[in-house]
Amino acid sequence: MMGIDVLMFTNEHRHDDITVPMGHQGRTEVEPIVIGDDVWIGSRSLIKKGVHIGDGAITAAGSVVTEDVPPYEIWGGNPAHFLKSRLTERRETAEG
C-alpha cells in the first residue's frame, strides 16, 4: 500500500566540486529503490536512493527514509528510525 504524495529519488544532483556551479555538475549514479511484498508506505514519505524496504514493513506518514528498513519493522521520522517490530506485536496479540 502507498499513501498519497510519496516521493522516491533514485539519484541526486552532484555538489562535490565547489569550483563548478552545482547546476553544471550533473547527477549521481542511479541507485534503485527496492520495496518488498506487503509493505505500507505512509503518505508524504520520501524514500532516498538505494533504500531497500523489507517485506511487511511500514513507514509512517511524512517519514524521510534514508537507510534500509528491515522486514516487519515500523519506521518513522526525519530521518526515519526504528519505532517497533510488527513481529513482537503479532506475538503479543496471539498471546493476549
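Asker: Please give an account of the sheet that holds strand β8 (residues 73-77) that cites residues and values.
Answerer: Working definition: the strands of a sheet are paired by backbone hydrogen bonds and lie parallel or antiparallel to each other. Spatial ordering of the open sheet is given by β3-β6-β8-β9, a layout of four strands whose pairing is mixed. The sheet terminates laterally at β3 (40-41) and β9 (80-85), the two strands that pair on one side only. Of the pairings in the sheet, the one linking β8 to β9 comprises five bridges and is antiparallel in character. The partner of Ile 74 across the bridge, within β9, is Lys 84.

Asker: An account of the environment of Val 6 is requested, with residue identities and associated values reported.
Answerer: Among the structural elements, Val 6 can be located in the segment before β1 (7-8). When the C-alpha positions of Val 6 and Ala 61 are compared, they lie 9.1 Å apart, and in sequence the two are 55 residues distant. Residues contacting Val 6, with those up to four places away along its chain left out, are Ile 41, Gly 42, Arg 44 and Ser 45.

Asker: Can you break down the environment of Val 65 residue by residue, with the values?
Answerer: Of note, Val 65 is situated in strand β7 (residues 64-65). Ignoring any residue separated from it by four or fewer positions in sequence, one finds Val 65 in contact with Leu 46, Ile 47, Lys 48, Val 51, Thr 59 and Ala 80.

Asker: Now, about the pattern of salt bridges: what can you tell me, with residues and values included?
Answerer: Two side chains that carry opposite charge are able to pair once their charged atoms sit near each other. What the rule picks out here adds up to four salt bridges. Among the salt bridges present, the one from Arg 44 reaches Asp 5, with a minimum N-O distance of 3.2 Å. Within this pair, whereas Arg 44 is found in the loop between β3 and β4 (46-47), its partner Asp 5 is found in the segment before β1, the two being separated by 39 residues in sequence. Arg 44 gets classed as exposed once you look at its relative accessible area, which sits at 58%. Arg 14 is the salt-bridge partner of Asp 16, the closest N and O atoms lying 2.6 Å from each other.

Asker: Describe unusual backbone geometry, naming the residues involved and giving the relevant values.
Answerer: The step from Asn 78 to Pro 79 runs through a cis peptide bond, and the omega angle for that step is -5°. Position of Pro 79 relative to the elements: it lies in the loop between β8 and β9. Unlike most non-glycine residues, Asp 38 shows phi in positive territory, near 55°. In this fold, Asp 38 is placed in the loop between β2 (34-35) and β3.

Parameters at a glance
Residues numbered from 1 in each chain as written. Predicted model: local features only at pLDDT ≥ 70, side-chain atom pairs only at ≥ 80, totals over all residues. Heavy atoms only, no water. Pairing = 2+ DSSP bridges. Helix = DSSP H or I, 4+ residues; strand = E, 2+ residues; numbered from the N terminus. Contact = heavy atoms within 4.5 Å. Salt bridge = Lys/Arg side-chain N within 4 Å of Asp/Glu carboxyl O. Buried < 20%, exposed > 50% of the residue type's maximum accessible area, 1.4 Å probe, protein only.

These figures capture arrangement, not role.
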